[in-house]
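# Observations on the three-dimensional arrangement
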Amino acid sequence: MSARVAVLQAGAWGTTLAVILARDGGRQVTLWTRDPVQAAELAERRENRRYLPGIAIPADVDVTADLARALEADDLIVAVPTVGVRALRDRLAPLLRPAHRLLSATKGLDPGTGRRMSELWGEALDPSCIAVLSGPNLSHEIASGRPAPTVVASADGATAKHFQALVGTPAFRAYTNDDLVGVELCGALKNVIALGAGAIDGIGYGENAKAGFITRGLAEIGRFAFAQGGDPLTAAGLAGLGDLIATCASPRSRNRRVGELLAKGLALDAIRAELGGQVAEGIGTTEATHRAARRAGVEMPITAETHAVLFEGKPVREAMRDLMGREQREELSGPLAEVSRLLRAARPR
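Note that the coordinates shown come from a computational prediction; the quantities given were computed from them, not determined experimentally. (Residues numbered from 1 in each chain as written. Predicted model: local features only at pLDDT ≥ 70, side-chain atom pairs only at ≥ 80, totals over all residues. Heavy atoms only, no water.)

### So, the pattern of salt bridges
Rule in force here: Should a side-chain nitrogen of Lys or Arg be within 4 Å of a carboxyl oxygen of Asp or Glu, the pair is scored as a salt bridge. Think of it this way: any DSSP run of H or I at least four residues long counts as a helix, any run of E at least two long counts as a strand, and we number them from the N terminus. Classification of residues uses two cut-offs on accessible area relative to the type maximum, computed with a 1.4 Å probe and protein chains only: under 20% is buried, over 50% is exposed, and between them is partly exposed.
Counted according to the given criterion, the structure contains 23 salt bridges. We note a salt bridge from Arg49 to Glu47, for which the minimum N-O separation is 3.4 Å. Where Arg86 meets Asp110, a salt bridge forms, and the shortest distance between an N and an O atom there is 3.0 Å. Within this pair, whereas Arg86 is found in helix H4 (residues 82–92), its partner Asp110 is found in the loop between strand S7 (101–104) and helix H5 (117–121), the two being separated by 24 residues in sequence. Judged by its relative accessible area of 35%, Arg86 falls in the partly exposed class. When salt bridges with common partners are traced through the structure, they connect Asp201, Lys210, Arg256, Arg257, Glu260 and Glu274 into a single cluster.

### Section: helix H15 (residues 316–324)
We count it as follows: As used here, the arc belongs to the directions running from the helix axis to the C-beta atoms. Residues are treated as being in contact if the distance between any of their heavy atoms lies within 4.5 Å.
Among the residues of H15, Val316, Ala319, Met320 and Leu323 are the ones counted as buried. Angularly, the buried residues of H15 cover 100° about the axis, an arc narrow enough to put them on a single face. Contact partners of the buried residues in H15: helix H8 (180–203), helix H9 (207–227), helix H11 (254–263) and helix H14 (301–312).

### Observations concerning unusual backbone geometry
For Gln9, which is not glycine, the phi dihedral falls at a positive 100°. When you line up the elements, Gln9 lands in the loop between strand S1 (4–8) and helix H1 (12–23). Even without glycine at this site, Arg46 takes up a positive phi of about 55°. Within the secondary structure, Arg46 sits in the loop between helix H2 (36–45) and strand S3 (47–48).

### Some thoughts on the sheet that holds strand S10 (residues 172–177)
Short version of the rule: Pairing between two strands requires that DSSP report at least two bridges joining them. Every angle, taken between N-to-C directions, lies between 0 and 180 degrees, and every axis is a line fitted to C-alpha atoms, over only the stretch in contact when it is a helix.
A sheet is described by the order of its strands in space; here 8 strands give the open sequence S5-S2-S1-S6-S7-S8-S9-S10, paired in mixed fashion. Edge positions in the sheet fall to strand S5 (61–64) and S10, since each has one partner strand and no second. If you compare each strand with its neighbour and ignore which way they point, the axes differ by 25° on average. As judged from the 3 bridges shared by S7 and strand S8 (residues 130–134), these two strands associate in the parallel manner. Along S8, the bridge assignment pairs Leu103 with Ala131. Packing against the sheet, helix H10 (residues 238–249) makes contact with S8, strand S9 (148–153) and S10, and its axis sits at approximately 145° to S9.

The structure is reproduced here in structure tokens:
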């Protein structure tokens, strides 16, 4: 394991990871930001007042805007919003070394192509050296030292275990998973469901409606992941159900907040201004997923209605009525029904 780890981009999540790795994990950490002014401010104040107020950045976290300096580390953790990943990948590609291993902490799909983050990074680095981080990981709680689980997924078992050991701390328990596709898609699509959950809260439809919406959203995530080559059971794990609960319930969830604002009738431009520069990944992921689902012939009614609200001007209440008015059917269908059948067949008699 390398002596130093570099966290690329000092937003809320990147800063959180740098803080806990240094403070709780005893790691030597370089925190990189593309903005030299921000780097100087964080280095002087030892606090990210814009994205993570009230959390002290340990003195031994080296904050820099010098990318070459950050890449002296062999272990790289990327916490850049999806919209910036391709540009950063292209910038990093000529500087990467065979010794580099990369952990993607970005939850979302590429807005332009709908590709997963590991697919983008796999064009610049050996795919066996790439892992992803996902799970119920709300930044401020973790930075405050509250207990939380996470999951590290990679197609390569050794890489998954490497990053499991790297990021795990006494309060941040890391599990591994070999379903890279499923973990990434769960981490991305839960943001789409969180938009609708926030809208339900904003309208005041109540807890029954929200619980049902989240549950059907989970089925939709599993169905899409299966169609893309993932394991539908991953949706029942930390990257699926775990992250979905946290994102749909927490008042700190940006995607849930966007849903509340949509319910109030705010337009997307006004919502983005309300977020103050922070990114709600569910907006771009909705567009990318809707396009991919139509191309693959996967039925995703929640994603379709969310897309209509975000990009076609459909009122939230009308979208909810249309979801409730769909043809009634069996609860388990498609891959979930098949998994259920196989499990029951394997039950000891």
